Amino acid sequence: MSRTPNSRPVVAIVDAYSTASHLAPLFDAQGYDCLHVQSLPSPPAIFSASFRAQDFIATILHEGDVAKTQAAIEQYAPVALLAGAEIGVELADTLSEALGLRTNGTELSSARRDKFRMVETVKAAGVPAADQILATDLDTLLKWYGDVPRRVVLKPVSSALNDGVSFCDSADEVRAAFENLMGMESAVGQRNDAVVAQEYLVGAEYYVNTVSLDGKHYVCDLWKTQHLGVNGVRDLLGGSQLMVREGPEQAALVAYAGAVLDALGVRNGPAHTEVKLTPQGPRLIETGARVCGAMLPVLTRAAIGESQLEWTVAAYVDPQSFLSRWKTGYEVARHAVCVNMISGNSGKLLGYPRMDELQQLESYHDVLLKVHAGDEIRRTVNDMTYPMLVHLLHEVEGVVTHDYMTARYLDGEGFYDVV
């Protein structure tokens, strides 16, 4: 987009990385220019690699002075300001409130990023959530863990992409995970000065993707995930399957996610909520006040005709359209699965010898290649080390399930040529 600044109304996006890189072209199609606000001088490469500078009329770098950044943005008179990637959530709250634009405000902003405060805030609102502790020293953590072995989860206070998440079954494993996390830099560039420890939630994991407008929450899509115990990781994400909108599981998940959003003050914009459906009912893993990552909304759009991306644009620049439809559900025209391919080795990738077999699957739709021939490939242990994501799409659910299982089988010895 090469235009004269301010020739059209402007929408500002803070950290338009990952899936949020798809927002600017959609705003453009609705007649709006986009202004980029960069929250960090040097964003983590995992985010910045997806940035599309050509989609913006300018980039404003935030250097820590909110008033200065606000003044720079005000020159463009934006009609809306929202967060793109997770690292931009708190700055987007601050700026949208200061500019008098539609906002989630700053009162609960930290609870939307700090994983410990998030769960405590939800529980304080009467919404059931996991038992947990915030530990800055090992003795406090071990006292909470107790003498009887049990499974718990340790994670950074503020991170993303499942970075630093550890599943522990003994006091020795808790000690090792704590010592590994403390003082390390998280995926979002923050030093870990404390660790969140939570009870392990038993049950399948789900995603509830929403867009809100003045407290009205539209459910854009629901996903059920599948996890594997592999590469030394207890629950490594293996894939996600789009759910139909109606059903008893869906009803419980939607009601719970709505209560979580209300508790966290998410009144405007997109949110990605991860929930486990335990024998005691839904329990929060975490919520991100931004669009779902891993390009999943792009697959959603192919399956049902629109996604969280389109709904986000409508909420900010066409609220009447949003309000006229927010109580409706979505219809699955084609069933969809995102397969997370898992590398068992690290080294130099020479190629994918069986890629043709994967692409010949009947429901094969697309592949998001993260590691190319000639690149270094890493053993998959978190969201930052998947070599590729495979999108499957078909009108018949059984065909997608068949190909999902086949892809999982292919994703083994012989799929990766690694030195």
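Just so it is clear, the model here is predicted, and its values are computed rather than measured.

Reading the values: rules and limits
- Residues numbered from 1 in each chain as written.
- Predicted model: local features only at pLDDT ≥ 70, side-chain atom pairs only at ≥ 80, totals over all residues.
- Heavy atoms only, no water.
- 1 Å grid on protein atoms, 1.4 Å probe; cavity = no way out; pocket = protein on both sides within 12 Å on 5 of 7 lines; lining within 4 Å.
- Points joined across faces, edges and corners; volume = space filled by probe spheres on them.
- Helix = DSSP H or I, 4+ residues; strand = E, 2+ residues; numbered from the N terminus.
- Nonpolar A, V, L, I, M, F, W, Y, C, P; charged D, E, K, R; others polar.
- Pairing = 2+ DSSP bridges.
- Axes fitted to C-alpha atoms, helices over the stretch in contact; angles between N-to-C directions.
- Contact = heavy atoms within 4.5 Å.
- Salt bridge = Lys/Arg side-chain N within 4 Å of Asp/Glu carboxyl O.
- Parallel < 35°, antiparallel > 145°, perpendicular 65-115°, else oblique.
- Left-handed = near helix turned anticlockwise from the far one by under 90°.

This part is about the layout of surface pockets. There is about 240 Å³ of room inside the second largest pocket. Lining the second largest pocket we find 15 residues, and of these G164, V165, V233, V381 and N382 sit closest to its centre. Where the lining of the second largest pocket is concerned, the elements lending two or more residues are β7 (166-168) and β11 (233-242). Along the lines of polarity and charge, the residues of the lining of the second largest pocket split into five nonpolar, seven polar and three charged.

Taken in spatial order, the four strands of this open sheet run β3-β2-β1-β4, and their pairing is parallel. Because the sheet does not close on itself, it has two edges, and the strands there are β3 (58-61) and β4 (80-83). The average undirected angle you get between the axes of adjacent strands in this sheet is 25°. Sheet analysis places strand β1 (residues 10-14) next to strand β2 (residues 33-38), joined by five bridges and oriented parallel. For I13, the partnering residue across the bridge sits in β2 and is H36. Of the strands in this sheet, β2, β3 and β4 touch helix α3 (residues 66-74), which is tilted by about 165° from β3.

It is worth spelling out the pattern of salt bridges at this point. In the structure shown here, the tally under the stated rule is 19 salt bridges. In this structure, R8 engages D28 in a salt bridge whose closest nitrogen and oxygen atoms are separated by 2.6 Å. One end of the pair, R8, is in the segment before β1; the other, D28, is in helix α1 (residues 23-29), and 20 residues separate them in sequence. Taking the shortest distance from any N to any O, the salt bridge between R408 and D411 comes out at 2.7 Å. A single salt-bridge network, built from bridges that share partners, covers R8, D28 and D33.

So, on to empty space enclosed by the protein. For the structure shown, the criterion picks out one cavity of 30 Å³ or more. Counted as a void, the largest cavity has a volume near 130 Å³. Lining the largest cavity are 15 residues, and of these L82, A83, D93, N104 and Y316 lie nearest its centre. Of all the secondary structure elements, the ones that give two or more residues to the lining of the largest cavity are β4, α4 (89-98) and β12 (269-278).

For the rest of this paragraph, the subject is the packing of α3 against α4. Viewed as axis vectors pointing N to C, α3 and α4 meet at an angle of 60°, and their least axial separation amounts to 10 Å. Taken together, the axes of α3 and α4 lie oblique to each other. Handedness of the crossing formed by α3 with α4: right-handed. Contact with α3, carried on its side by V66, T69, Q70 and I73, involves T94, L95 and A98 of α4 and no other residues of that element. Taken together, the residues of the contact of α3 with α4 sort by class into four nonpolar, three polar and no charged.

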